[in-house]
Amino acid sequence: MRQRTAVVATALTLAIGLTAGCGGEGGGDSADKPRHKKAATSTPVPATPVPATPVPSKSVPATPTPAGPAQPAASAPKALSQAQLEKAILAKSDVPGFDVAPMDAPPPQGERADKSVCAPLTAVINGRPEPAAQASAYRQLTGAKDNRPAVSEFLTTHGVQDATTALSRLRAAVEACEGGFRASGGGEGPSTYQGAKALPVAAQVGDDAFAYQVTGDYEGEPVPLVFHVVRSGGTLATFYTANLEGPQTPRIPPALLTAQADKLTKLK
């Protein structure tokens, strides 16, 4: 059995690294990060004109309306702080059968896609979903028996609008970059990605979820990278694994997504 320890230049020597396993599901790696921080744009909603109400010819005495208690204005959930993220991200006791270890944040410079439409994909590969997060926490999740599967998680807080924008951009990027793209700037020469495709979501949790695969290229051989992104309010939970042993799409256990979504729901 061949151990593939070098893959796709920068993209698979990612700074949030997954541990490469021999065979089976997803040995892997993790992330650097690009600096294209595109601010989310909001589309102004034009005011709808309200037609004037005709005045009756005879005056009608107004019926006084009793004053009621003031109703609080609806407000968006507050973005989680760094301290809250550290408490919210998965811990060993949250998922039976998994070990959880901290990971360092990725370095400040990562890959840049050669096509701007593919930039959201390299941003996640680099461990920095865009629009840029206000706070981030990183963990390594491994099966307790044999260190498989190996999954990286990064929990990032953006606010509801930016978190929603991030998922929208990822969906558009996967569709636009189906035929592949190249990326450079990660420090070890350009990386080649053979393609991207949407995947079924492992668990329908959170307010929104999206799963996809980006297929790297190592000396002409495919290297599948799989991502599951779950939005809960303004927080994104991104799970990442890679298969360094062959072309089969690796799995991310649904229990990880469910446990993380449950923890985030309790914070709302």
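Here, the structure is the one placed above.
K.L.:
Before we go on, may I ask you to explain the overall build of the protein chain in this structure?
P.N.:
Along its length, the protein chain carries 4 helices and 9 strands. Of the regular secondary structure in the protein chain, the N- to C-terminal order runs α-β-β-α-β-β-α-β-β-β-β-β-α. A separation threshold of at least 6 residues defines the contact pool for the protein chain, and within that pool the share at least 24 residues apart is 68%.

K.L.:
Help me out: how do you make sense of the sheet that holds strand E7 (residues 208-218) in this one?
P.N.:
Paired through their backbone hydrogen bonds, the strands of a sheet run either parallel or antiparallel. On the basis of which strands lie adjacent, the open sheet formed by 9 strands has the order E1-E3-E4-E9-E8-E7-E6-E5-E2 and antiparallel pairing. Edge positions in the sheet fall to strand E1 (98-102) and strand E2 (112-113), since each of these pairs with one other strand and no more. Pairing between strand E8 (residues 221-232) and strand E9 (residues 235-242): 8 bridges, direction antiparallel. If you follow phenylalanine 227 over to E9, its bridge partner there is tyrosine 240. Against the sheet, helix H3 (residues 160-176) contacts strand E6 (191-199), E7, E8 and E9, and its axis sits at roughly 45 degrees relative to E7. Across the sheet, helix H4 (residues 254-267) lies against E1, strand E3 (135-143), strand E4 (150-157), E8 and E9, angled at about 165 degrees from E9, the strand it touches most.

K.L.:
Could you clarify how one ought to interpret unusual backbone geometry in this entry?
P.N.:
Backbone geometry follows two general trends: most residues other than glycine have a negative phi, and most peptide bonds adopt the trans configuration. Cis geometry is found at the peptide bond from glutamate 130 to proline 131, where omega equals 5 degrees. By secondary structure assignment, the location of proline 131 is in the loop between helix H2 (119-125) and E3. Here the amide bond leading from arginine 148 into proline 149 is cis, since omega sits at -5 degrees, within 30 degrees of zero. For proline 149, the position within the fold is in the loop between E3 and E4. With a phi close to 65 degrees, asparagine 147 is a non-glycine residue in the positive phi region. Locating asparagine 147 in the fold gives a position in the loop between E3 and E4. We note that glutamate 219 has phi near 50 degrees; this positive angle belongs to a residue other than glycine. Following the sequence through the fold, glutamate 219 ends up in the loop between E7 and E8. Its relative accessible area of 67% is what places glutamate 219 among the exposed residues.

K.L.:
Would you explain the state of the cysteines in this entry?
P.N.:
This structure, assessed with the given rule, holds 1 disulfide. Between the sulfur of cysteine 118 and that of cysteine 177 lies a disulfide, 1.9 Å long from S to S. The sign of the -115 degrees torsion about the S-S bond sets the cysteine 118-cysteine 177 disulfide as left-handed. Here cysteine 118, found in the loop between E2 and H2, pairs with cysteine 177, found in the loop between H3 and strand E5 (181-184); they are 59 residues apart in sequence, far enough to count as distant.

K.L.:
What should I look at first to understand the pairing of E7 in this one?
P.N.:
Successive side chains on a regular strand alternate, one facing one side of the sheet and the next facing the other. Among the 11 residues that make up E7, 8 are buried, leaving the element largely enclosed by the rest of the structure. Both E6 and E7 contribute to a ladder of 6 bridges, which runs antiparallel. Looking at E7, one finds that tyrosine 193 is bridged to glycine 216. As paired strands, E7 and E8 are joined by 11 bridges and run antiparallel to one another. In the strand pairing of E8, threonine 215 is matched with proline 224.

K.L.:
Hey, could you run me through the nonpolar core in this one?
P.N.:
Looking at soluble globular proteins, one finds that nonpolar side chains tend to be buried together. With 30 residues, the main nonpolar core has Leu121, Phe181, Tyr212, Val214, Leu225 and Phe227 as its most contacted residues. Counting only elements with at least two residues in this core, the list comes to H2, H3, E5, E6, E7, E8 and E9. When residues of this core are assigned to their parent elements, the largest contribution, 6 residues, is made by H3.

K.L.:
Looking at this structure, how should I read the pattern of salt bridges?
P.N.:
When the charged atoms of two side chains lie near each other, side chains of opposite charge can form a pair. In the structure shown here, the tally under the stated rule is 6 salt bridges. The partner of glutamate 86 in a salt bridge is arginine 139, with the nearest N and O atoms 2.7 Å apart. Of this pair, glutamate 86 sits in helix H1 (residues 82-88) while arginine 139 sits in strand E3, and the two are 53 residues apart along the sequence. The closest approach of N and O atoms between arginine 231 and aspartate 207, which form a salt bridge, is 4.0 Å. Taken together, the residues arginine 231 in strand E8 and aspartate 207 in the loop between E6 and E7 connect sequence positions 24 residues apart. Look at arginine 231 and you get buried, because its relative accessible area is 13%.

Criteria and cut-off values
- Residues numbered from 1 in each chain as written.
- Predicted model: local features only at pLDDT ≥ 70, side-chain atom pairs only at ≥ 80, totals over all residues.
- Heavy atoms only, no water.
- Helix = DSSP H or I, 4+ residues; strand = E, 2+ residues; numbered from the N terminus.
- Contact = heavy atoms within 4.5 Å.
- Pairing = 2+ DSSP bridges.
- Axes fitted to C-alpha atoms, helices over the stretch in contact; angles between N-to-C directions.
- Buried < 20%, exposed > 50% of the residue type's maximum accessible area, 1.4 Å probe, protein only.
- Disulfide = S-S within 2.5 Å.
- Core = buried A, V, L, I, M, F, W, Y, C linked by side-chain atoms within 4.5 Å.
- Salt bridge = Lys/Arg side-chain N within 4 Å of Asp/Glu carboxyl O.

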